[in-house]
Amino acid sequence: MKTAATSAPLLSLLLLLCGGMGAAAQAQQVYRTVGPDGRVTFSDRPPVDAKQPQTATVGGGTSAAASDTGAGTLPYALQQVATRFPVTLYTGKDCAPCASARNLLVARGVPFTERTVASNEDIDALKQLSGSTSLPFGTIGGQRLEGFSDVEWTQYLDAAGYPKQSQLPAGYRRPAAQPLVASVEKAPAPADGAARSRTTPPRAPQQAPAPTRANPSNPAGISF
């Protein structure tokens, strides 16, 4: 497959990334709610009734740089970049381009959060975040990357300020991949027959921050 680099100058890429700083700092949450009729909805607004059944957080503002996986030991400069431009990778099972994107981030020493897309709920949530169901999907700050192109991803990582060689300390532990949508556990029906359910407190995964500028086209035209 023919791969071409983006035509925008590197300075434009950097300006575009900087434009997403505000969105990255205040990442939205997406809520998955199942109503009494069984209808599933996704919204960036929390339900009015805090006791509304089957509500699970899909996204949060926690990045790999601020997690409890050894990020406190990151070199200062790398931690600053990871905080300003957090990286999130959305992957699927048996997805070769997803593995290539993951390998690039690991080899370069980029702290990142990985969210897996496996269930129908995950697919619906991915469509809410990216506008499509193509994988891999990635975010670098407010910039969205659909599909994988080594040249394209490298350009955006460079523009964000990530070092070209890994600076991760020996004791750094990458966060384990988590499902995009947290699982919801139903409680047994009460004796009076009223429908009730409870939500297992999930560890909220990070949602892709909304970009503040138009998305650039994928130069490689890759869609898994």
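Basis of the calculations
Residues numbered from 1 in each chain as written. Predicted model: local features only at pLDDT ≥ 70, side-chain atom pairs only at ≥ 80, totals over all residues. Heavy atoms only, no water. Helix = DSSP H or I, 4+ residues; strand = E, 2+ residues; numbered from the N terminus. Buried < 20%, exposed > 50% of the residue type's maximum accessible area, 1.4 Å probe, protein only. Contact = heavy atoms within 4.5 Å. Areas by Shrake-Rupley, 256 points an atom, 1.4 Å probe, with all protein chains shown as cover. Expected span 1.5 Å × (residues − 1). Arc of directions from axis to C-beta. Disulfide = S-S within 2.5 Å. Pairing = 2+ DSSP bridges. Axes fitted to C-alpha atoms, helices over the stretch in contact; angles between N-to-C directions. Parallel < 35°, antiparallel > 145°, perpendicular 65-115°, else oblique. Left-handed = near helix turned anticlockwise from the far one by under 90°. Nonpolar A, V, L, I, M, F, W, Y, C, P; charged D, E, K, R; others polar.

### Structural notes on the overall build of the protein
Stage number 1. For the protein, the helix and strand inventory stands at six helices and eight strands.
Stage number 2. Seen in sequence order, the protein has helices and strands lined up from the N terminus as α-α-β-β-β-α-β-α-β-α-β-β-α-β.
Stage number 3. Within the protein, the fraction of its 224 residues that count as buried is 43%.
Stage number 4. At a minimum sequence separation of 6, the contacts of the protein that also span at least 24 residues come to 72%.
Stage number 5. Carbon and sulfur atoms make up 52% of the accessible area of the protein, which totals about 11,600 Å².

### Details of unusual backbone geometry
Stage number 1. Cis geometry marks the peptide bond from L135 to P136, where omega comes out at 0°.
Stage number 2. Structurally, P136 is set in the loop between α5 (120-130) and β6 (137-140).
Stage number 3. Of note, the phi angle at D94 is positive, near 55°, even though the residue is not glycine.
Stage number 4. Looking at the secondary structure, you find D94 in the loop between β4 (87-91) and α4 (96-108).
Stage number 5. When its relative accessible area of 71% is taken as the criterion, D94 is described as exposed.

### Here we look at α4
Stage number 1. With 13 residues, α4 should cover 18 Å at 1.5 Å per step; its first-to-last C-alpha distance of 18 Å lies within 8% of that length.
Stage number 2. Listed as buried for α4 are C98, A101, L104, L105 and R108. The arc enclosing the buried residues of α4, seen along the axis, measures out at 125°, which places them on a common side. Seen from the buried face of α4, the exposed residues on the opposite side, beyond 90 degrees, are A96 and A107.
Stage number 3. Residues of α4 that are buried make contact with β4, β5 (112-116) and α6 (150-160).
Stage number 4. Count one or two residues on from α4 and you reach G109, which has phi positive near 80°.

### Focus: the state of the cysteines
Stage number 1. Throughout the structure, instances matching the rule amount to one disulfide.
Stage number 2. Between the sulfur of C95 and that of C98 lies a disulfide, 2.2 Å long from S to S. One disulfide, between C95 and C98, carries an S-S torsion of 75° and so falls in the right-handed class.
Stage number 3. Exposure remark for C95: the relative accessible area of 6% places this residue in the buried category.
Stage number 4. By relative accessible area, which is 0% here, C98 ends up buried.

### Comments concerning the pairing of strand β7 (residues 143-146)
Stage number 1. Where β6 lies against β7, four bridges are found, and the strand directions are antiparallel. Bridging across to β7, F137 finds its partner in E146.
Stage number 2. Hairpin remark: β6 followed by β7, antiparallel, with two residues in the connecting loop; positive phi at G141, about 65°.

### With respect to the packing of α4 against α6
Stage number 1. Contact pair α4 / α6: the axes reach a minimum separation of 11 Å and the direction vectors enclose 40°. Taken together, the axes of α4 and α6 are oblique relative to one another. At the point where α4 passes α6, the crossing takes the right-handed sense. Here α4 contributes A101, L104, L105 and R108 to the contact with α6, which in turn contributes D150, W153, T154, L157 and D158.
Stage number 2. By residue class, the composition of the contact of α4 with α6 is five nonpolar, one polar and three charged.

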